[in-house]
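Overview (structure and organization)
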Amino acid sequence: MTELFVAINAKYPHTNLAVRLLVAEAKKTDLPCAYIEHTINTGLQTVVSDILSFSPRVVSFSCYIWNINYIIKVAKALKSSQPDMQILLGGPEVSFDAEKVLAENPMIDFIIRGEGEQAHHDFAEYLLGKRKLSDCASLTYWQDEQILSTPIRIGNQFDTAPFPYPDINGLKNRVIYYEASRGCP
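Position numbers for residues count from 1 along each chain, tracking the sequence in the order it is written. In keeping with the predicted nature of the model, local features appear solely for residues at pLDDT of at least 70, side-chain atom pairs appear and are counted solely at 80 or more, and the whole-chain, interface and lining totals rest on all residues. Hydrogens are left out, water is left out, and the side-chain values use all remaining heavy atoms of the structure.

Considering the overall build of the protein
The following threshold applies: Put simply, DSSP H or I for four residues or longer makes a helix, DSSP E for two residues or longer makes a strand, and each gets a number counted from the N terminus. Exposure categories follow from relative accessible area, calculated using a 1.4 Å probe and restricted to protein chains: below 20% of the type maximum is buried, above 50% is exposed, and the middle band is partly exposed. Contact definition: two residues touch when any of their heavy atoms are within 4.5 Å.
On a plain count of helices and strands, the protein comes out with 5 helices and 7 strands. N-terminal to C-terminal, the α/β element order of the protein is β-α-β-α-β-α-β-α-β-α-β-β. Taken across its 185 residues, the protein has 50% of its residues classed as buried. Long-range pairs, those at least 24 residues apart, make up 65% of the contacts in the protein with a sequence separation of at least 6.

Here we look at helix α5 (residues 117–127)
Counting buried positions over the 11 residues of α5 gives 9, a clear majority of the element. Listed in full, the buried residues belonging to α5 are Glu117, Ala119, His120, Asp122, Phe123, Ala124, Glu125, Tyr126 and Leu127. Here the buried face of α5 lies against β1 (3–9), α1 (17–27), β3 (58–62), β4 (86–90), β5 (110–112) and β6 (139–143).

Notes on the nonpolar core
Cut-off, in case you're wondering: The term nonpolar core refers to a set of buried residues drawn from Ala, Val, Leu, Ile, Met, Phe, Trp, Tyr and Cys, joined through side-chain atoms within 4.5 Å.
Formed by 28 residues in total, the largest nonpolar core has its most connected members in Ile51, Phe61, Leu78 and Leu89. Contributing elements (two or more residues each) for this core: β1, β2 (33–39), α2 (44–53), β3, α3 (68–81), β4 and α4 (98–104). Counting residues per element, this core draws most heavily on α3, which supplies 7 residues.

Focus on the confidence of the model for the protein
Caution is warranted with low-pLDDT regions, since their predicted coordinates should not be read in detail. We apply this condition: By definition, pLDDT measures how confident the predictor is in each residue, and it falls between 0 and 100.
Put simply, the protein has an average pLDDT of 89, and 89% of its residues get 70 or more. Taking the mean pLDDT of every element in the protein, the minimum, 87, falls on α1 and the maximum, 98, on α2.

Quick word on the side chain of Arg113
What counts, and what does not: Positive charges come from Lys and Arg, negative ones from Asp and Glu, while His and the chain ends are left out of the count. In what follows, salt bridge is the name for a side-chain nitrogen of Lys or Arg lying within 4 Å of a carboxyl oxygen of Asp or Glu. For the purposes of these results, a polar contact is taken to be a pair of N or O atoms within 3.5 Å, where, inside protein, one atom must be able to donate a hydrogen and its partner to accept one; residues adjacent in sequence count only when each atom of the pair is a side-chain atom.
Along the polypeptide, Arg113 turns up in the loop between β5 and α5. We note that Arg113 is buried and unpaired, the nearest opposite charge coming from Glu99 at a distance of 5.3 Å. Reaching out from Arg113, the side chain makes a polar contact with the side chain of Thr140 at a distance of 2.8 Å. Among all residues touching Arg113, those that are not within four sequence positions of it are Ser95, Ala98, Ser138, Leu139, Thr140, Ser149, Thr150, Pro151 and Ile152.

Pasting the structure below:
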């Protein structure tokens, strides 16, 4: 498995739109990927064990105000267990202070800022050896102990995004989010 997207939801009935959209976009590049969902109430070791069971090269987290502290703990545990595993963060809680987040959390390797679809497409191409990090849109990352950022690219169109819930029957009694414009669904 190349990349595992991880959603840490506030409660079990919630679903995470971002990881579903990004997995669908990543599959357009043929990147081997999957996603899992847990909640902030799931035991830390349970989440870490679940992630490690996939043997991912990169673990990507969807970060919000309610889960960022938990995600930082998971990332630290992952890096102490698997130092070569790469950690990517994205979402509203890390988009605006990406350099500060990396500086305060050296176990984080990458942050995608802002809209994620095109930026992650570029990052997937990097993982597949088809693009340099410096050519990935909206990315903040470590290089030679320095924090670098590429320009933000905006303007992703929702009308080209794949439907993020292909198996909607498996989500009975859960909250399904769907965005018609940028911002909170």
